[in-house]
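Examination of the molecular architecture
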Amino acid sequence: MNKNSFDLRTQVSSNAPIELAETLRARLSLFPETANSERETAARLKHFLTEFKPTRFVDHVGGYGVIAEWNSGKKGPTIMVRACMDAAAEGHTYGHDAEMAAVAGLAPLIQENMPKTGALVLVFQPASTTGSGAHAVFSDDKFRPFKPDWIIGFEPIPGEEMGTVVFREGAMTTASKGLTIKLHGKESDISSALGAVHPLKGVIRLSEQILDLSVDEKFEQFVQTNVAHIRLGEKVFHTSPRYAELSATVRARKKRELDKMAKRIVDYAQIAGQIHELGVDVTWHDEFVAVQNGEGSARIIEQWRKATEHPVRLLDEPLYWSDDFQHYLKGLNGVFIGIGAGHDAEPRGSEGFDLPEAWTGQTHQILWSMVQD
């Protein structure tokens, strides 16, 4: 790497690519689309990216995914950068609008500085919030011809100094999955107690048991549980409810701990059903495996840090949240990093979360220096 070309203390080219990225982000922010419905988002990305003449462009990858490639036509490494496309129901409260903008903003730089060998590829992935998008993209026949030698993934990290790269070799994130427990009782008129099987007590018991798992000393490492939603009956005042539903999330650093918690919860549900004479159904969804940065990745990040003199903080423990990027790392070499969003940033997923414009510019420059390395 030529250190002077990619010193992050100076502009990598001019402000134009960053300004374009910020304009694109504003447009994407106006139309947040949830997992597997990113049609308008994909259309806006296509309109932007094709302006910079990629040598190959494909869409509808793993759903509404988009891939743009700039290929030198000469043998060499293919480097890929991933951005997530989907929003939460409340909007882009995970910062994916800024992610897309930072990555798409590389397009004008790549067109101006075409790789002399190999290729640079930008992939925009749908359905990251459900844990299904990376697998869908990686398994799609449209993805396979690109065959990246190295793939870079990233996410914003509130609470970290703006632009600081955070990294950990080995487990970088936690594993998690969601569950829904449905309890079926028997509806009856409240004027008669005969035959009434009320699911409320079962829901209360299960909620307490699930939350108590977070402080259970039998688990070896960090585990976390959350009861996210409860539904009980219908808004009808003359009958006792015949149905209840509870949704929760379980999270752990180790898969064996996650599986242990899952078994405990299923057992709790079955016991609650027996005690309160309720029918029980348990379903699982939104499963994430822990992202694992491979052996030797710390050495590569350290080489990049020395070349750019950019701040890097090595994590002692994995991040507490989850990402589906591991589906790429099962079959490809790559790295997953966090990029600081500032000490005052609200938590990811919260109503007040909104990445500052400075984050888009910082991330844009970090990624450009990495793909050049």
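Residues numbered from 1 in each chain as written. Predicted model: local features only at pLDDT ≥ 70, side-chain atom pairs only at ≥ 80, totals over all residues. Heavy atoms only, no water.

**With respect to empty space enclosed by the protein**
Applying the stated criterion across every chain, the model contains one cavity of 30 Å³ or more. One number sums up the size of the largest cavity: a volume of about 30 Å³. Every residue along the wall of the largest cavity is listed here: Ile79, Val81, Leu106, Ile110, Leu120, Val121, Leu122 and Val371. Going through the elements one at a time, strand 3 (78–84), helix 4 (106–112) and strand 4 (119–125) are the ones with two or more residues in the lining of the largest cavity. (1 Å grid on protein atoms, 1.4 Å probe; cavity = no way out; pocket = protein on both sides within 12 Å on 5 of 7 lines; lining within 4 Å. Points joined across faces, edges and corners; volume = space filled by probe spheres on them. Helix = DSSP H or I, 4+ residues; strand = E, 2+ residues; numbered from the N terminus.)

**Structural notes on the sheet that holds strand 3**
Judged by pairing direction, the sheet is mixed, and its eight strands sit side by side in the order 1-2-4-3-5-16-6-15 without closing on themselves. The sheet is open, and its two edges are formed by strand 1 (56–61) and strand 15 (312–314), each paired on a single side. Sheet twist, expressed as the mean angle between neighbouring strand axes with direction ignored, is 25°. One ladder, built from three bridges, connects strand 3 with strand 5 (residues 150–157); its direction is parallel. (Pairing = 2+ DSSP bridges. Axes fitted to C-alpha atoms, helices over the stretch in contact; angles between N-to-C directions.)

**Examining the pairing of strand 1**
It is a general feature of regular strands that their side chains alternate between the two faces of the sheet. Two elements, strand 1 and strand 2 (residues 65–71), share five bridges in a ladder whose sense is antiparallel. In the strand pairing of strand 2, aspartate 59 is matched with valine 66. Hairpin connection between strand 1 and strand 2: a loop of three residues separates the two successive antiparallel strands, and glycine 62 in this loop has a positive phi of roughly 60°.

Interpretation note: all reported values are geometric properties and have no functional meaning in isolation.
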